[in-house]
Amino acid sequence: MASIIERRRKDGTSSFLAQIVVKRDGKTVHRENKTFAKRREAAAWGAFREGELSKPGVVEDMNREDPTLAEAIARYEREAKRLGRTKAAVLKSLKDFDISSKRCSEIRSEHIVTLARELAKTRRPSTVAGYLTFLSGVFKLARPAWGYPLDEKAMTDATTVASKLEMTGRSNQRDRRPSVDEMTRLMKFFSGRKVDSLPMERVSAFALYSARREGEIVRLRWDDLDETHSRILVRDAKDPRGSSGNNIWTELTPEALAIIKSTPRTGDLIFPYKGDTINFAWRNACNILDIKDLKFHDLRHEGVSRLFELGRTIPQVASVSGHRSWQNLQRYTHIRETGDKWAGWKWLEIVAPQREAA
(Lines give C-alpha, C1' and ligand atoms only; values in the text may rest on other atoms or scores of the structure.)
Protein backbone atom coordinates (compact mmCIF):
# COMPACT_ATOMS: atom_id res chain seq x y z
CA MET A 1 0.00 0.00 0.00
CA ALA A 2 1.11 3.54 -0.70
CA SER A 3 1.75 5.60 2.40
CA ILE A 4 -0.20 8.85 2.70
CA ILE A 5 1.37 11.73 4.63
CA GLU A 6 -0.67 14.76 5.59
CA ARG A 7 1.16 18.08 5.48
CA ARG A 8 0.00 21.42 6.82
CA ARG A 9 0.34 24.46 4.60
CA LYS A 10 1.02 27.94 5.93
CA ASP A 11 -2.60 28.92 5.34
CA GLY A 12 -3.80 26.10 7.60
CA THR A 13 -5.08 23.81 4.84
CA SER A 14 -3.72 20.33 4.27
CA SER A 15 -2.04 18.56 1.37
CA PHE A 16 -1.52 14.82 1.07
CA LEU A 17 1.70 13.25 -0.15
CA ALA A 18 1.33 9.75 -1.58
CA GLN A 19 4.59 7.80 -1.46
CA ILE A 20 5.33 4.51 -3.15
CA VAL A 21 8.44 2.45 -2.43
CA VAL A 22 9.20 -0.78 -4.27
CA LYS A 23 11.80 -3.10 -2.79
CA ARG A 24 13.58 -6.17 -4.13
CA ASP A 25 15.53 -8.39 -1.72
CA GLY A 26 15.37 -5.72 0.93
CA LYS A 27 16.72 -2.97 -1.36
CA THR A 28 14.76 -0.02 -2.70
CA VAL A 29 14.58 -0.28 -6.49
CA HIS A 30 11.95 2.33 -7.17
CA ARG A 31 10.52 5.33 -5.37
CA GLU A 32 8.00 7.94 -6.44
CA ASN A 33 5.59 10.36 -4.84
CA LYS A 34 2.91 12.88 -5.72
CA THR A 35 1.03 15.53 -3.76
CA PHE A 36 -2.77 15.93 -3.78
CA ALA A 37 -5.27 18.32 -2.22
CA LYS A 38 -7.47 15.50 -0.93
CA ARG A 39 -6.62 12.23 0.85
CA ARG A 40 -8.92 10.12 -1.33
CA GLU A 41 -7.20 11.40 -4.47
CA ALA A 42 -3.82 10.50 -3.03
CA ALA A 43 -5.06 7.04 -2.07
CA ALA A 44 -6.59 6.46 -5.50
CA TRP A 45 -3.41 7.47 -7.28
CA GLY A 46 -1.34 5.27 -4.96
CA ALA A 47 -3.55 2.24 -5.63
CA PHE A 48 -3.42 2.85 -9.38
CA ARG A 49 0.38 3.26 -9.48
CA GLU A 50 0.95 0.20 -7.32
CA GLY A 51 -1.13 -1.81 -9.76
CA GLU A 52 0.91 -0.52 -12.68
CA LEU A 53 4.23 -1.15 -10.95
CA SER A 54 3.24 -4.72 -10.01
CA LYS A 55 3.18 -5.77 -13.65
CA PRO A 56 6.21 -7.90 -14.64
CA GLY A 57 9.20 -5.91 -15.90
CA VAL A 58 7.68 -2.45 -15.40
CA VAL A 59 9.97 -1.39 -12.56
CA GLU A 60 13.01 -2.83 -14.29
CA ASP A 61 12.22 -0.94 -17.49
CA MET A 62 11.72 2.29 -15.58
CA ASN A 63 15.01 1.88 -13.80
CA ARG A 64 16.83 1.39 -17.06
CA GLU A 65 15.23 4.37 -18.77
CA ASP A 66 14.32 6.68 -15.91
CA PRO A 67 16.79 6.39 -13.03
CA THR A 68 16.83 8.61 -9.98
CA LEU A 69 18.87 11.78 -10.08
CA ALA A 70 21.27 10.17 -7.62
CA GLU A 71 21.84 7.34 -10.11
CA ALA A 72 22.36 9.84 -12.92
CA ILE A 73 24.92 11.69 -10.81
CA ALA A 74 26.67 8.41 -10.02
CA ARG A 75 26.97 7.60 -13.72
CA TYR A 76 28.30 11.08 -14.41
CA GLU A 77 30.92 10.54 -11.70
CA ARG A 78 31.96 7.25 -13.29
CA GLU A 79 32.18 8.49 -16.85
CA ALA A 80 33.34 12.10 -16.50
CA LYS A 81 37.09 12.44 -16.77
CA ARG A 82 39.12 14.13 -14.07
CA LEU A 83 36.49 15.51 -11.79
CA GLY A 84 38.08 18.23 -9.72
CA ARG A 85 38.28 17.81 -5.96
CA THR A 86 35.60 20.42 -5.33
CA LYS A 87 33.25 19.16 -8.04
CA ALA A 88 33.54 15.56 -6.82
CA ALA A 89 32.72 16.60 -3.25
CA VAL A 90 29.73 18.69 -4.36
CA LEU A 91 28.25 15.92 -6.51
CA LYS A 92 28.65 13.45 -3.67
CA SER A 93 26.84 15.74 -1.24
CA LEU A 94 24.02 16.46 -3.71
CA LYS A 95 23.03 12.80 -3.62
CA ASP A 96 21.92 13.29 -0.01
CA PHE A 97 19.24 15.86 -0.86
CA ASP A 98 15.58 14.96 -1.42
CA ILE A 99 15.68 15.89 -5.10
CA SER A 100 18.14 13.07 -5.76
CA SER A 101 15.57 10.43 -4.83
CA LYS A 102 13.26 11.61 -7.64
CA ARG A 103 13.17 10.00 -11.05
CA CYS A 104 14.74 12.08 -13.80
CA SER A 105 11.36 12.49 -15.51
CA GLU A 106 9.81 13.90 -12.32
CA ILE A 107 12.26 16.73 -11.79
CA ARG A 108 10.95 20.17 -12.65
CA SER A 109 12.35 23.64 -12.15
CA GLU A 110 10.55 24.10 -8.82
CA HIS A 111 12.36 21.07 -7.40
CA ILE A 112 15.72 22.59 -8.33
CA VAL A 113 14.67 25.95 -6.85
CA THR A 114 13.76 24.11 -3.64
CA LEU A 115 17.24 22.57 -3.66
CA ALA A 116 18.79 26.02 -4.08
CA ARG A 117 16.69 27.31 -1.20
CA GLU A 118 17.87 24.46 1.04
CA LEU A 119 21.48 25.09 0.09
CA ALA A 120 21.13 28.82 0.72
CA LYS A 121 20.22 28.20 4.37
CA THR A 122 23.81 27.27 5.22
CA ARG A 123 25.86 28.37 2.22
CA ARG A 124 26.87 31.62 0.58
CA PRO A 125 25.27 32.65 -2.73
CA SER A 126 28.50 31.99 -4.61
CA THR A 127 28.65 28.48 -3.19
CA VAL A 128 25.03 27.78 -4.12
CA ALA A 129 25.81 28.98 -7.65
CA GLY A 130 28.69 26.51 -7.77
CA TYR A 131 26.44 23.63 -6.71
CA LEU A 132 23.93 24.43 -9.45
CA THR A 133 26.69 24.80 -12.03
CA PHE A 134 28.10 21.36 -11.23
CA LEU A 135 24.62 19.82 -11.23
CA SER A 136 23.84 21.40 -14.59
CA GLY A 137 26.70 19.38 -16.05
CA VAL A 138 24.71 16.23 -15.27
CA PHE A 139 21.59 17.69 -16.91
CA LYS A 140 23.49 18.63 -20.07
CA LEU A 141 24.89 15.14 -20.51
CA ALA A 142 22.06 12.88 -19.31
CA ARG A 143 19.62 13.04 -22.24
CA PRO A 144 21.97 13.14 -25.26
CA ALA A 145 24.48 10.66 -23.82
CA TRP A 146 22.31 8.16 -21.93
CA GLY A 147 18.71 8.90 -22.89
CA TYR A 148 17.80 9.84 -19.32
CA PRO A 149 14.77 12.19 -19.27
CA LEU A 150 16.38 15.10 -17.43
CA ASP A 151 15.00 18.43 -18.63
CA GLU A 152 17.89 20.82 -19.26
CA LYS A 153 15.45 23.72 -19.61
CA ALA A 154 14.20 23.05 -16.07
CA MET A 155 17.76 23.58 -14.85
CA THR A 156 18.13 26.76 -16.90
CA ASP A 157 14.84 28.15 -15.58
CA ALA A 158 15.69 27.24 -11.99
CA THR A 159 19.11 28.89 -12.25
CA THR A 160 17.44 32.09 -13.47
CA VAL A 161 14.94 32.04 -10.59
CA ALA A 162 17.64 31.34 -8.00
CA SER A 163 19.60 34.32 -9.28
CA LYS A 164 16.54 36.63 -9.27
CA LEU A 165 15.76 35.60 -5.68
CA GLU A 166 19.43 36.21 -4.76
CA MET A 167 19.98 32.64 -3.62
CA THR A 168 22.97 32.60 -5.97
CA GLY A 169 25.56 35.25 -6.69
CA ARG A 170 29.19 35.93 -7.43
CA SER A 171 31.89 35.33 -4.86
CA ASN A 172 33.59 38.17 -3.08
CA GLN A 173 36.97 38.75 -4.66
CA ARG A 174 39.87 38.08 -2.32
CA ASP A 175 42.60 40.67 -2.15
CA ARG A 176 44.86 38.89 0.35
CA ARG A 177 48.48 38.99 -0.73
CA PRO A 178 51.49 37.56 1.12
CA SER A 179 54.08 39.96 2.42
CA VAL A 180 57.77 39.35 1.80
CA ASP A 181 58.20 38.72 5.53
CA GLU A 182 55.42 36.10 5.58
CA MET A 183 56.87 34.28 2.59
CA THR A 184 60.35 34.39 4.10
CA ARG A 185 59.07 32.80 7.30
CA LEU A 186 57.25 30.12 5.34
CA MET A 187 60.26 29.34 3.19
CA LYS A 188 62.48 29.03 6.25
CA PHE A 189 59.94 26.68 7.81
CA PHE A 190 59.69 24.52 4.69
CA SER A 191 63.46 24.34 4.22
CA GLY A 192 63.87 22.93 7.74
CA ARG A 193 61.98 19.76 6.88
CA LYS A 194 63.39 16.41 5.74
CA VAL A 195 65.21 16.47 2.42
CA ASP A 196 63.05 13.69 0.96
CA SER A 197 59.76 15.42 1.78
CA LEU A 198 57.69 17.63 -0.52
CA PRO A 199 59.93 20.61 -1.48
CA MET A 200 57.34 23.24 -0.58
CA GLU A 201 59.86 26.07 -0.81
CA ARG A 202 60.40 25.32 -4.51
CA VAL A 203 56.71 24.69 -5.22
CA SER A 204 55.67 27.88 -3.38
CA ALA A 205 58.21 30.04 -5.16
CA PHE A 206 57.12 28.61 -8.50
CA ALA A 207 53.46 29.33 -7.72
CA LEU A 208 54.34 32.93 -6.93
CA TYR A 209 56.44 33.58 -10.02
CA SER A 210 54.37 31.54 -12.48
CA ALA A 211 50.87 32.54 -11.22
CA ARG A 212 49.79 28.91 -11.58
CA ARG A 213 47.16 27.07 -9.51
CA GLU A 214 48.27 24.08 -7.44
CA GLY A 215 46.17 21.71 -9.57
CA GLU A 216 47.91 22.95 -12.71
CA ILE A 217 51.37 22.85 -11.15
CA VAL A 218 51.16 19.14 -10.36
CA ARG A 219 50.17 18.35 -13.98
CA LEU A 220 53.09 20.15 -15.63
CA ARG A 221 55.19 17.76 -17.73
CA TRP A 222 58.80 17.95 -18.84
CA ASP A 223 57.74 17.09 -22.39
CA ASP A 224 55.52 20.18 -22.44
CA LEU A 225 58.33 22.58 -21.55
CA ASP A 226 59.51 24.83 -24.39
CA GLU A 227 62.69 26.47 -23.09
CA THR A 228 63.44 28.13 -26.41
CA HIS A 229 60.30 30.27 -26.21
CA SER A 230 60.08 30.36 -22.39
CA ARG A 231 56.68 28.76 -22.28
CA ILE A 232 54.92 25.61 -21.08
CA LEU A 233 51.73 23.76 -21.96
CA VAL A 234 49.27 23.79 -19.06
CA ARG A 235 47.02 20.76 -19.36
CA ASP A 236 43.40 20.80 -18.20
CA ALA A 237 43.62 24.44 -17.18
CA LYS A 238 40.69 25.69 -15.14
CA ASP A 239 37.89 27.08 -17.28
CA PRO A 240 34.17 27.78 -16.62
CA ARG A 241 33.30 25.57 -19.59
CA GLY A 242 35.22 22.63 -18.12
CA SER A 243 38.91 21.97 -17.53
CA SER A 244 39.22 18.55 -19.17
CA GLY A 245 41.05 18.95 -22.47
CA ASN A 246 41.54 22.69 -21.97
CA ASN A 247 45.26 22.79 -22.75
CA ILE A 248 46.88 26.21 -23.17
CA TRP A 249 50.40 27.49 -23.74
CA THR A 250 51.46 30.02 -21.12
CA GLU A 251 54.55 32.18 -20.92
CA LEU A 252 57.06 31.42 -18.16
CA THR A 253 58.58 34.38 -16.38
CA PRO A 254 62.41 34.23 -16.14
CA GLU A 255 62.10 33.32 -12.47
CA ALA A 256 59.58 30.51 -13.08
CA LEU A 257 61.72 29.05 -15.88
CA ALA A 258 64.80 29.18 -13.67
CA ILE A 259 62.99 27.28 -10.91
CA ILE A 260 61.96 24.56 -13.37
CA LYS A 261 65.50 24.28 -14.73
CA SER A 262 66.87 23.84 -11.21
CA THR A 263 64.33 21.10 -10.39
CA PRO A 264 65.64 17.51 -10.52
CA ARG A 265 64.09 15.43 -13.28
CA THR A 266 62.74 12.26 -11.66
CA GLY A 267 59.91 11.31 -14.02
CA ASP A 268 57.41 12.67 -16.52
CA LEU A 269 56.04 15.31 -14.16
CA ILE A 270 58.04 18.37 -13.15
CA PHE A 271 56.36 18.52 -9.75
CA PRO A 272 55.23 14.92 -9.05
CA TYR A 273 53.04 15.68 -6.07
CA LYS A 274 49.34 15.96 -5.22
CA GLY A 275 47.42 19.21 -4.96
CA ASP A 276 45.83 18.08 -1.69
CA THR A 277 49.27 17.41 -0.21
CA ILE A 278 50.48 20.87 -1.20
CA ASN A 279 47.44 22.57 0.31
CA PHE A 280 47.71 20.55 3.52
CA ALA A 281 51.40 21.41 3.93
CA TRP A 282 50.64 25.09 3.30
CA ARG A 283 47.78 25.24 5.82
CA ASN A 284 49.82 23.38 8.40
CA ALA A 285 52.74 25.80 8.05
CA CYS A 286 50.48 28.87 8.25
CA ASN A 287 48.84 27.50 11.41
CA ILE A 288 52.17 26.79 13.08
CA LEU A 289 53.57 30.20 12.12
CA ASP A 290 50.29 31.95 13.04
CA ILE A 291 49.93 33.48 9.57
CA LYS A 292 46.26 34.39 9.26
CA ASP A 293 43.97 33.86 6.25
CA LEU A 294 46.66 33.12 3.67
CA LYS A 295 45.79 30.44 1.12
CA PHE A 296 48.13 28.76 -1.33
CA HIS A 297 45.91 30.08 -4.12
CA ASP A 298 46.76 33.63 -2.96
CA LEU A 299 50.20 33.09 -4.49
CA ARG A 300 48.53 33.16 -7.90
CA HIS A 301 46.90 36.48 -7.02
CA GLU A 302 50.29 37.77 -5.90
CA GLY A 303 51.93 36.56 -9.11
CA VAL A 304 49.38 38.33 -11.29
CA SER A 305 49.54 41.52 -9.19
CA ARG A 306 53.34 41.50 -9.43
CA LEU A 307 53.20 41.42 -13.23
CA PHE A 308 50.94 44.49 -13.31
CA GLU A 309 53.24 46.26 -10.86
CA LEU A 310 56.11 45.55 -13.24
CA GLY A 311 54.19 47.47 -15.90
CA ARG A 312 52.78 44.65 -17.99
CA THR A 313 49.60 45.22 -19.97
CA ILE A 314 46.50 43.04 -19.63
CA PRO A 315 47.37 40.95 -22.75
CA GLN A 316 50.92 40.47 -21.49
CA VAL A 317 49.71 39.35 -18.06
CA ALA A 318 47.13 37.03 -19.62
CA SER A 319 49.91 35.31 -21.58
CA VAL A 320 51.35 34.21 -18.22
CA SER A 321 48.22 33.70 -16.13
CA GLY A 322 46.25 31.93 -18.85
CA HIS A 323 43.15 34.10 -18.45
CA ARG A 324 41.11 33.88 -21.65
CA SER A 325 38.75 36.62 -20.60
CA TRP A 326 40.55 39.88 -20.02
CA GLN A 327 37.53 41.01 -18.04
CA ASN A 328 38.70 38.77 -15.18
CA LEU A 329 41.91 40.78 -15.03
CA GLN A 330 40.18 44.14 -14.80
CA ARG A 331 40.18 44.02 -10.99
CA TYR A 332 43.98 44.19 -11.00
CA THR A 333 44.13 47.42 -12.98
CA HIS A 334 43.50 49.52 -9.86
CA ILE A 335 46.98 48.65 -8.57
CA ARG A 336 48.92 51.82 -7.89
CA GLU A 337 52.24 50.35 -6.73
CA THR A 338 55.07 49.94 -9.19
CA GLY A 339 58.29 47.98 -9.18
CA ASP A 340 59.08 44.51 -7.89
CA LYS A 341 58.78 44.03 -4.13
CA TRP A 342 60.41 40.62 -4.59
CA ALA A 343 63.58 42.04 -6.15
CA GLY A 344 66.59 40.68 -4.31
CA TRP A 345 64.54 38.11 -2.38
CA LYS A 346 67.17 35.63 -1.21
CA TRP A 347 64.89 32.60 -1.42
CA LEU A 348 64.71 32.78 -5.19
CA GLU A 349 68.48 32.38 -5.29
CA ILE A 350 68.18 29.41 -2.91
CA VAL A 351 65.55 27.46 -4.90
CA ALA A 352 67.03 28.45 -8.28
CA PRO A 353 70.77 28.97 -7.73
CA GLN A 354 71.52 28.91 -11.47
CA ARG A 355 68.98 31.64 -12.25
CA GLU A 356 69.72 33.48 -15.44
CA ALA A 357 69.61 37.24 -15.55
CA ALA A 358 66.10 38.52 -16.27
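Please refer to the structure placed before this passage.
Each value, and the rule that gives it
Counting restarts for each chain: residues are numbered from 1 in the order of the written sequence. The model is predicted, so local features are restricted to residues of pLDDT at least 70 and side-chain atom pairs to those at 80 or more, both for listing and for counting; the totals for chains, interfaces and linings are taken over all residues. Heavy atoms from the whole structure form the basis of all side-chain values; hydrogens and water molecules are not counted. Put simply, DSSP H or I for four residues or longer makes a helix, DSSP E for two residues or longer makes a strand, and each gets a number counted from the N terminus. Each helix should span, by expectation, one fewer than its residue count multiplied by 1.5 Å. Each residue's exposure class comes from its accessible area (1.4 Å probe, protein chains only) as a fraction of the maximum for that residue type: buried when under 20%, exposed when over 50%, partly exposed otherwise. In this context, the arc is that of the directions from the helix axis out to the C-beta atoms. Whenever a nitrogen or oxygen atom comes within 3.5 Å of another N or O atom, the pair is scored as a polar contact, on the condition that within protein one atom can donate a hydrogen and the other can accept it, and that pairs from neighbouring residues in sequence are kept only if both atoms are in side chains. Whenever a carboxyl oxygen of Asp or Glu lies within 4 Å of a side-chain nitrogen of Lys or Arg, that contact is scored as a salt bridge. Each Phe, Tyr or Trp ring, with Trp reduced to its six-membered ring, pairs with another whose centre is within 6.5 Å; inter-plane angles below 30 degrees give stacked pairs, above 60 give edge-to-face pairs, and intermediate values give tilted ones. The term nonpolar core refers to a set of buried residues drawn from Ala, Val, Leu, Ile, Met, Phe, Trp, Tyr and Cys, joined through side-chain atoms within 4.5 Å. Contacts are residue-level and defined by heavy atoms, with any inter-residue pair within 4.5 Å sufficient.

Participant: If you had to explain helix 7 (residues 152–164) to someone new, which residues and values would you point to?
Facilitator: In an α-helix, one turn spans 3.6 residues; hence positions three or four apart end up facing the same way. Across its 13 residues, helix 7 extends 19 Å between first and last C-alpha, which sits within 8% of the 18 Å expected from 1.5 Å per residue. Within the sequence span of helix 7, burial applies to Ala-154, Met-155, Ala-158 and Ala-162. Looking straight down helix 7, one finds its buried side chains confined to an arc of 95 degrees; they lie on one side. In helix 7, those exposed residues whose orientation departs by more than 90 degrees from the buried face are Lys-153 and Lys-164. Two or three places before Lys-153, at the start of helix 7, stands the capping residue Asp-151, its side-chain oxygen 3.0 Å from that residue's backbone nitrogen.

Participant: Tell me what's going on with the pattern of salt bridges, and back it up with residues and numbers.
Facilitator: Under the criterion given, the structure shown has 23 salt bridges. Arg-176 serves as the salt-bridge partner of Glu-182, at 2.9 Å between the closest nitrogen and oxygen. For Glu-182, a relative accessible area of 14% puts it in the buried group. According to the relative accessible area criterion, Arg-176 is buried, its value standing at 18%. Note that Arg-306 is salt-bridged to Asp-340, the shortest N-O span being 3.0 Å. Remark: Asp-340 occurs in the loop between helix 14 (314–321) and helix 15 (346–351) and Arg-306 occurs in helix 13 (residues 298–309); sequence separation between them is 34 residues. Beyond isolated ion pairs, a larger network of salt bridges with shared partners links Arg-177, Glu-302, Glu-309 and Lys-341.

Participant: Explain the packing of aromatic side chains residue by residue, including any values.
Facilitator: Within a pair of aromatic rings, the relevant descriptors are the distance that separates the centres and the angle that separates the planes. Tallying each qualifying case throughout the model produces 7 aromatic pairs. Ring geometry for Trp-342 and Trp-345: centres 5.0 Å apart, planes at 70 degrees, overall edge-to-face. Looking at Trp-342, the relative accessible area reads 3%, which means it is buried. Among the aromatic side chains, those forming a connected cluster through ring pairs are Phe-189, Phe-190, Trp-282 and Phe-296.

Participant: Pulling in residues and values, what's your account of the nonpolar core?
Facilitator: Within the largest apolar cluster, 45 residues are counted, with the highest numbers of intra-cluster contacts made by Met-183, Leu-186, Phe-206, Trp-282 and Phe-296. At the level of elements, helix 8 (180–191), helix 9 (200–210), strand 5 (231–234), helix 11 (254–261), helix 12 (275–289) and helix 15 are the ones that each hand at least two residues to this core. Look past the residues within four positions of Met-183 in its chain and what remains in contact with it is Pro-178, Ser-204, Leu-208, Trp-282, Leu-299, Trp-342 and Trp-345. Core analysis: the second largest hydrophobic core is formed by 31 residues, Val-90, Leu-119, Val-128 and Leu-132 among them.

Participant: Give me helix 3 (residues 69–79): which residues, what numbers.
Facilitator: Inspection of helix 3 places Leu-69, Ala-70, Ala-72, Ile-73, Ala-74 and Tyr-76 among the buried residues, and these make up the whole buried set. Those residues of helix 3 that are buried lie in contact with helix 4 (85–94) and helix 6 (125–146).

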